Amino acid sequence: MEYSLLDIFLSVLILFGGIFTFIGSLGLVRLRDFYSRLHGPTKATTLGVGSLLIASVIHFSTQETGLSLHELLITLFLFITAPVSAHLLSKAAIHLRVRSVAKLPAIIEETERSD
Amino acid sequence: MLNPANLLELAILIGQGLVTAALALTLWRLLSGPEKPDRILALDTLYVNAIALLVLIGIQRNSSLYFEAALLIAMMGFVGTVALCKYLLRGDIIE
């Protein structure tokens, strides 16, 4: 059985993207507190969806219709918005005083106790 | 059934399985998340995974229609996440 080099490359990219998306959600379920859970899915966004979209660009560019770059719009949009939403989420969590597994600095712990 | 004569189709099927499993795990976190930000984070991850699934279906069906849906989800999902976080932070969305 003979596979073309393009098919092998696309398959590797798709598998890589799928595995990273899965690992991101696994981290969302398995990690212990909110602040570490925040870290899992951002990798799924950049690496997982990123490589899937690169695979899509290569696949549609090698069809008869010619170069197709509009998938890069989604990549660009996700890469811009992912840090913004992560920052807002962590700000909201700090505002609500969500528990963390990390110990607070001594000075903050004192003021929290006197509250 | 699976047809391993076409490597790309097999890879797409495996990728779709992985992304679907990721969607299920995220849904579990959305339903059980102990804190409010956990649920918002799960919603955020849910839409990113939905984009991944739509891109895979687009490659499988060889159609660029799915791309439009993925772009819409990317834009609307971000606005939704920001609105929910703003609501938690300020108690109001548009002040």
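What you see is a predicted model, and the numbers here were worked out from it, not measured in a lab. The residue numbering used here restarts from 1 in each chain and proceeds along that chain's sequence as written. Following the order in which they are written, the chains are lettered starting with A and the ligands numbered starting with 1. Whole-chain, interface and lining totals are the exception, using all residues; otherwise, since this is a predicted model, local features are given only for residues with pLDDT of at least 70 and side-chain atom pairs are given and counted only at 80 or more. With hydrogens and water excluded, all non-hydrogen atoms of the structure serve as input to the side-chain values.

### A closer look at helix 2 (residues 36-61) of chain B
Spanning 26 residues, helix 2 of chain B covers 38 Å between terminal C-alpha atoms, matching the ideal 38 Å at 1.5 Å per step. Going along the chain from the N terminus, every DSSP run of H or I of four or more residues is numbered as a helix, and every run of E of two or more is numbered as a strand. Among the residues trailing helix 2 of chain B, Asn62(B) stands out with phi positive, at a value near 60°. Each residue after the first adds 1.5 Å to the expected span of a helix.

### So, empty space enclosed by the protein
Once rolled over the atoms, a probe with the size of a water molecule shows which space is left empty. In the cavity and pocket records, a cavity denotes points on a 1 Å grid over the protein atoms alone where a 1.4 Å probe fits but cannot get out, a pocket denotes an open set with protein on both sides within 12 Å along at least 5 of 7 lines, and lining residues are residues with an atom within 4 Å of a point. Grid points are joined across faces, edges and corners, and a volume is the space filled by probe spheres set on the points. A full pass over the atoms with the stated rule returns two cavities of 30 Å³ or more. Put simply, the largest cavity is a space of about 110 Å³. Along the walls of the largest cavity sit 14 residues, with Thr42(A), Thr45(A), Ala82(A), Ser85(A) and Asp44(B) positioned nearest its centre. Elements with a contribution of two residues or more to the lining of the largest cavity: helix 3 (39-61) and helix 4 (71-95) of chain A together with helix 2 of chain B. In terms of residue count, helix 4 of chain A provides more of the lining of the largest cavity than any other element does, six residues in total.

### Thoughts on the interface of chain A and chain B
We call two residues contacting when some pair of their heavy atoms lies within 4.5 Å. Tallying the contact residues gives 47 residues for chain A and 49 residues for chain B. In total, about 4,200 Å² of surface goes out of reach between chain A and chain B, with carbon and sulfur atoms giving 81% of it. Whenever a carboxyl oxygen of Asp or Glu lies within 4 Å of a side-chain nitrogen of Lys or Arg, that contact is scored as a salt bridge. Taken together, the links from chain A to chain B amount to one salt bridge. In protein, a polar contact requires one atom able to donate a hydrogen and another able to accept it; more generally it is a pair of N or O atoms within 3.5 Å, and residues adjacent in sequence count only if both atoms are side-chain atoms. Remark: the boundary between chain A and chain B carries eight residue pairs in polar contact (both at pLDDT 80 or more). Contributing elements (two or more residues each) for the side of chain A that touches chain B: helix 1 (5-30), helix 2 (34-37), helix 3 and helix 4 of chain A. In the scheme used here, Gly and all other residues not listed as nonpolar or charged are polar, with Ala, Val, Leu, Ile, Met, Phe, Trp, Tyr, Cys and Pro taken as nonpolar and Asp, Glu, Lys and Arg as charged. Looking at side-chain class alone, the side of chain A that touches chain B contains 31 nonpolar, twelve polar and four charged residues. Computed with a 1.4 Å rolling probe, the buried area is the accessible surface lost when two parts are put together, summed over both parts.

### Regarding the packing of helix 2 of chain B against helix 3 (residues 65-90) of chain B
All names here are of chain B. To get an axis, a line is fitted to the C-alpha atoms, and for a helix only the part in contact is used. The angle between two axes follows their N-to-C directions and goes from 0 to 180 degrees. Between helix 2 and helix 3, the least distance of the axes is 9 Å, while the angle of their chain directions is 175°. Judged on the interaxial angle alone, helix 3 and helix 2 are roughly antiparallel. Contacts from Lys36, Pro37, Ile40, Leu43, Asp44, Tyr47, Ile51, Leu54, Ile57, Gly58 and Arg61 of helix 2 reach helix 3 at Tyr66, Ala69, Ala70, Ile73, Ala74, Gly77, Phe78, Thr81, Leu84, Cys85 and Leu88. Working rule for angles: under 35 degrees goes down as roughly parallel, over 145 as roughly antiparallel, 65 to 115 as roughly perpendicular, anything else as oblique.

### Remarks on the UniProt feature "transmembrane region" (unreviewed entry) in chain A
Residues and elements named next belong to chain A. UniProt positions are given in the numbering used here, feature names are shortened, and annotations may be inferred rather than shown by experiment. Here, UniProt's "transmembrane region" (unreviewed entry) annotation points to residues 6-29, 41-60 and 72-90. Across residues 41-60 one finds 100% helix and 0% strand; the C-alpha atoms that close the span lie 27 Å apart. Regarding residues 72-90, the helix share stands at 100% and the strand share at 0%, and the terminal C-alpha atoms are separated by 28 Å.

### Some words on the UniProt feature "transmembrane region" (unreviewed entry) in chain B
All names here are of chain B. Mapped onto this numbering, the UniProt entry gives "transmembrane region" (unreviewed entry) at residues 6-28, 40-59 and 65-89. Across residues 40-59, the secondary structure splits into 100% helix and 0% strand, with the terminal C-alpha atoms separated by 29 Å. Between the end C-alpha atoms of residues 65-89 there is a gap of 37 Å, over a span that is 100% helix and 0% strand.

### A short note on the nonpolar core
Counting 25 residues, the largest nonpolar core has Ile14(A), Val49(A), Ile74(A), Leu78(A) and Ile51(B) as its most contacted members. Where this core is concerned, the elements lending two or more residues are helix 1, helix 3 and helix 4 of chain A together with helix 1 (7-32), helix 2 and helix 3 of chain B. Of all the elements, helix 2 of chain B adds the most residues to this core, at eight residues. Beyond its immediate stretch of four places on either side in the chain, Ile74(A) contacts Leu53(A), Ile51(B), Phe67(B), Ala70(B) and Leu71(B). Definition used in this section: a nonpolar core is a set of buried Ala, Val, Leu, Ile, Met, Phe, Trp, Tyr and Cys residues joined via side-chain atoms within 4.5 Å. Working definition: with a 1.4 Å probe on protein chains only, accessible area under 20% of the residue-type maximum means buried, over 50% means exposed, and in between means partly exposed.

### Comments concerning unusual backbone geometry
For Arg97(A), which is not glycine, the phi dihedral falls at a positive 55°. For Asn62(B), which is not glycine, the phi torsion reads 60° and is therefore positive. Secondary-structure assignment places Asn62(B) in the loop between helix 2 and helix 3.

### As for the pattern of salt bridges
Going through the model one piece at a time under the given rule, you end up with one salt bridge over all chains. Note that Arg37(A) and Asp38(B) form a salt bridge whose closest N and O atoms lie 2.5 Å from each other. With one member in each of two chains, Arg37(A) in helix 2 and Asp38(B) in helix 2 form a pair that bridges those chains.

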